[in-house]
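Take a look at the letters that make up each chain.
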Amino acid sequence: MADEYATHPVELATELTIAWLGNQHNRVTPEDVPAFLQKMHETVCALADGGSASAEQASIATAEYTPAVSVRKSLSSPDVIVSMIDGKPYKTLRRHLATHGLTPDEYRERYNLKADYPMVSQAYSESRRAMAKKIGLGRKPGQRPAKKTA
């Protein structure tokens, strides 16, 4: 059966396109169908020739991303970090990056940032540090806070 499809990529592409269009959750205008069929045919031919669609996906993944703001502007305020994805200010970028499916390392790599580029604003980091010290984090068990001399 695999040999049958290998000799007829047009039929396989047509069957796959019909199956995809038959899904009620896919909404496509009639004008988009020929382009989708062409793309499906190219993919089937590439797979039949021993190539892989992953090469095309790799080229899409390595696409050049244009930052919304410069690195300098991103770090210009101690109160917030401006995202290079959408140009909006955030106290911490971790949750914002997660909504875009990125890790901090992937974000740094995408925009050619240094490894020490912060993910948390300076002021927010200081307030978290002060709160942690106040509640006693970082001390060894049984250790009492040092008394301040006046």
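Source: prediction; values computed, not measured. (Residues numbered from 1 in each chain as written. Predicted model: local features only at pLDDT ≥ 70, side-chain atom pairs only at ≥ 80, totals over all residues. Heavy atoms only, no water.)

(A) The arrangement of the overall build of the protein chain in detail. Helix and strand content of the protein chain: eight helices and two strands. Buried positions account for 17% of the 150 residues belonging to the protein chain. Long-range pairs, those at least 24 residues apart, make up 41% of the contacts in the protein chain between residues at least 6 apart in sequence. Of the roughly 11800 Å² of accessible surface on the protein chain, a fraction of 55% belongs to carbon and sulfur atoms. (Helix = DSSP H or I, 4+ residues; strand = E, 2+ residues; numbered from the N terminus. Buried < 20%, exposed > 50% of the residue type's maximum accessible area, 1.4 Å probe, protein only. Contact = heavy atoms within 4.5 Å. Areas by Shrake-Rupley, 256 points an atom, 1.4 Å probe, with all protein chains shown as cover.)

(B) Representation of helix H8 (residues 122–135). For H8, spanning 14 residues, the distance from its first C-alpha to its last is 20 Å, which sits close to the expected 20 Å at 1.5 Å a residue. Following H8 by one or two positions, Gly136 adopts a phi angle in the positive range, close to 95 degrees. (Expected span 1.5 Å × (residues − 1).)

(C) Quick peek at the nonpolar core. The biggest cluster of nonpolar side chains holds 12 residues, and these are Val69, Ile81, Val82, Met84, Leu93, Leu97, Leu102, Tyr107, Tyr111, Leu113, Tyr117 and Met119. Leaving out residues up to four positions away in the same chain, Tyr107 has contacts with Val82, Ser83, Met84, Ile85, Leu93, Leu97, Leu102, Leu113, Tyr117 and Met119. (Core = buried A, V, L, I, M, F, W, Y, C linked by side-chain atoms within 4.5 Å.)

(D) Seen up close, helix H2 (residues 9–22). Across its 14 residues, H2 extends 20 Å between first and last C-alpha, which sits within 8% of the 20 Å expected from 1.5 Å per residue. Along H2, the residues classified as buried are Pro9, Leu12, Ala13 and Thr17. Each buried residue of H2 sits inside an arc of 130 degrees when the element is viewed along its axis, so together they form one side. Turned more than 90 degrees off the buried face of H2, the exposed positions are Ile18, Ala19 and Gly22. (Arc of directions from axis to C-beta.)

(E) Inspection of the pattern of salt bridges at higher detail. Using the criterion set out here, one finds one salt bridge in the structure. Residue Arg108 is joined to Asp105 by a salt bridge in which the shortest nitrogen-to-oxygen separation is 3.5 Å. Here Asp105 and Arg108 lie together in helix H7 (residues 104–110), a separation of three residues that amounts to about one turn. (Salt bridge = Lys/Arg side-chain N within 4 Å of Asp/Glu carboxyl O.)

(F) Focus on the side chain of Ser74. Of note, Ser74 is situated in helix H5 (residues 71–74). Taking the relative accessible area as the measure of exposure, Ser74 reaches 0% and is therefore buried. Those residues in contact with Ser74, other than ones at most four positions away along the chain, are Val69, Val80, Ile81, Val82 and Tyr117.

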